[in-house]
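# Observations on the three-dimensional arrangement
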Amino acid sequence: MSEDKVTQIVKQVKEVEEEFDMTNEDWKEPISQLWEVCEESMLWVYPNTETEAFLSQIWKQSLEAFDKPREVQVIVDAKDDIYMSVGTPGFVSFLNQEGNTEGMKLPIKCWIHTHPFGMAYFSGTDWTTINTWKGELESAIVLGDAQYLAYDCESQIAKRIEYGMYNEGEEE
Ligand SMILES: [Zn+2]
């Protein structure tokens, strides 16, 4: 990647961050609370019910907690501590949100992030992140609308699940 390109990306990231007030961190509270209750039961590569409940809470905050739906990231480190950030894609911006990653212990058990536009897949940026953290990242989960993709970085096996409320609803 050329230096110009890097400068350009950094500039774009800054612009995105400046338009939104990052000081309000209320959105982290419901995620932290749920984490305290269920952290012992988490399964990242083949998520169980507790894990799905945790993922649902992250998705909810991503859609409802901000001025508009925003990308939320949660990192679970080797100590089962969680680190949260909002707004911009990739670990780079994560590390830029000061204090967020202090004390983080590698390897990272899971990198979770949302795609508020709805589709659960890894974008080019996501693959860059995954490849950059190769060996230090055990799994990655991307959340979309009523779906998620869970990826085992070592075996490269992914599982895409549709989940959420299901009922007869209104027929057309
Ligand atoms: Zn992504």
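Just so it is clear, the structure is predicted and the values come from calculations on it, not from any experiment.

Once that is clear, we can look at the sheet that holds strand β3 (residues 110-114). Where strands meet in a sheet, backbone hydrogen bonds hold them as pairs that are either parallel or antiparallel. Judged by pairing direction, the sheet is mixed, and its six strands sit side by side in the order β2-β1-β3-β4-β5-β6 without closing on themselves. Every other strand in the sheet has two partners, leaving β2 (82-86) and β6 (157-162) as the edge strands with one partner each. Ignoring which end each strand starts from, the neighbouring axes of this sheet average 15° apart. In this structure, strand β1 (residues 72-76) lies alongside β2, joined through five bridges in antiparallel fashion. The partner of V72 across the bridge, within β2, is V86. Together, β1, β3, β4 (139-144) and β5 (147-152) form the strand contacts of helix α3 (residues 49-64), whose direction differs from that of β3 by roughly 40°.

Right, let's talk about the pairing of β6 for a bit. Two elements, β5 and β6, share six bridges in a ladder whose sense is antiparallel. Directly across from Y151, in β6, lies its bridge partner A158. Linking β5 to β6, which pair antiparallel, is a turn of four residues; within it Q156 sits at a positive phi near 60°.

Quick reminder: α-helices carry 3.6 residues per turn. Residues three or four places apart thus point the same way. With 16 residues, α3 should reach 22 Å at 1.5 Å per residue; the first-to-last C-alpha distance of 22 Å fits that figure. Turning to α3, its buried residues are T51, F54, L55, I58, W59, Q61 and S62. The buried residues of α3 occupy one face: seen down the axis, they fall within an arc of 160°. Along α3, exposed side chains directed more than 90 degrees from the buried face belong to T49 and E64. In this structure, the buried residues of α3 make contact with α2 (28-38), β1, β3, β4 and β5.

As a further point, take the environment of L34. Take L34: it is sitting in helix α2. When the C-alpha positions of L34 and F54 are compared, they lie 6.6 Å apart, and in sequence the two are 20 residues distant. Those residues in contact with L34 that lie beyond four places of it in its chain are A53, F54 and Q57.

With 27 residues, the main nonpolar core has L55, I58, V74, I112, A140, I141 and L143 as its most contacted residues. At the level of elements, α3, β1, β2, β3, β4 and β5 are the ones that each hand at least two residues to this core.

Turning our eyes to something else, we now look at unusual backbone geometry. Of the consecutive residues L106 and P107, the connecting peptide bond is found in the cis state with omega at 0°. Relative to the helices and strands, P107 resides in the loop between α4 (90-96) and β3. A positive phi angle, close to 55°, is found at A146, a residue other than glycine. Its place among the elements puts A146 in the loop between β4 and β5. Positive phi outside glycine occurs at Q156, with the angle close to 60°. Take Q156: there are 8 C-beta atoms within 10 Å of it, and that puts it in the exposed class.

Reading the values: the criteria
Residues numbered from 1 in each chain as written. Predicted model: local features only at pLDDT ≥ 70, side-chain atom pairs only at ≥ 80, totals over all residues. Pairing = 2+ DSSP bridges. Helix = DSSP H or I, 4+ residues; strand = E, 2+ residues; numbered from the N terminus. Axes fitted to C-alpha atoms, helices over the stretch in contact; angles between N-to-C directions. Contact = placed C-beta atoms within 7 Å. Expected span 1.5 Å × (residues − 1). Buried ≥ 20, exposed ≤ 12 C-beta atoms within 10 Å, placed from the backbone. Arc of directions from axis to C-beta. Core = buried A, V, L, I, M, F, W, Y, C linked by C-beta atoms within 7 Å.

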